[in-house]
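Given next are the chains, with one letter for each unit.
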Amino acid sequence: MSRTTYQCQCGATLRFRQDLTPERGGTSRSWTCGDCGLPVPGVVAEKLSHQHPS
Ligand SMILES: [Zn+2]
């Protein structure tokens, strides 16, 4: 099973749900980097939000 990772502009590599911070605003759910708060592209964040370390 392949895993998605996202390299944030701050240098952090996001792998799991806990690397993201959920943002509640408007009607759509969005995610930001847990380190710096920059927005993470929705498609990538959705995949990451389903990944957990095991
Ligand atoms: Zn970041």
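First, a word on scope: everything that follows refers to the structure included in this document. (Residues numbered from 1 in each chain as written. Predicted model: local features only at pLDDT ≥ 70, side-chain atom pairs only at ≥ 80, totals over all residues.)

1. Remarks on the overall build of the chain
Summing up its helical and strand segments, the chain has one helix and five strands in all. For the chain, the sequential pattern of α-helices and β-strands runs β-β-β-β-β-α. Taking 10 Å as the expected radius of gyration for a compact globule of 54 residues, we find that the chain reaches 11 Å, a close match to that expectation. Its C-alpha atoms give the chain principal-axis dimensions of roughly 35 × 25 × 15 Å. Relative to its 54 residues, the chain shows a buried fraction of 15%. The contacts of the chain with a sequence gap of at least 6 include a subset with a gap of at least 24, amounting to 48%. (Helix = DSSP H or I, 4+ residues; strand = E, 2+ residues; numbered from the N terminus. Rg over C-alpha atoms; globule rule 2.2 N^0.38 Å. Buried ≥ 20, exposed ≤ 12 C-beta atoms within 10 Å, placed from the backbone. Contact = placed C-beta atoms within 7 Å.)

2. Brief notes about the nonpolar core
One finds Leu-14, Leu-20, Trp-31, Cys-33, Val-40, Ala-45 and Leu-48 forming the largest nonpolar core, which totals seven residues. Elements with a minimum of two residues in this core: strand E4 (29-33) and helix H1 (42-48). Those residues within four positions of Cys-33 in sequence are excluded, and the remaining contacts are Cys-8, Cys-10, Ala-12, Leu-14, Leu-38 and Val-40. (Core = buried A, V, L, I, M, F, W, Y, C linked by C-beta atoms within 7 Å.)

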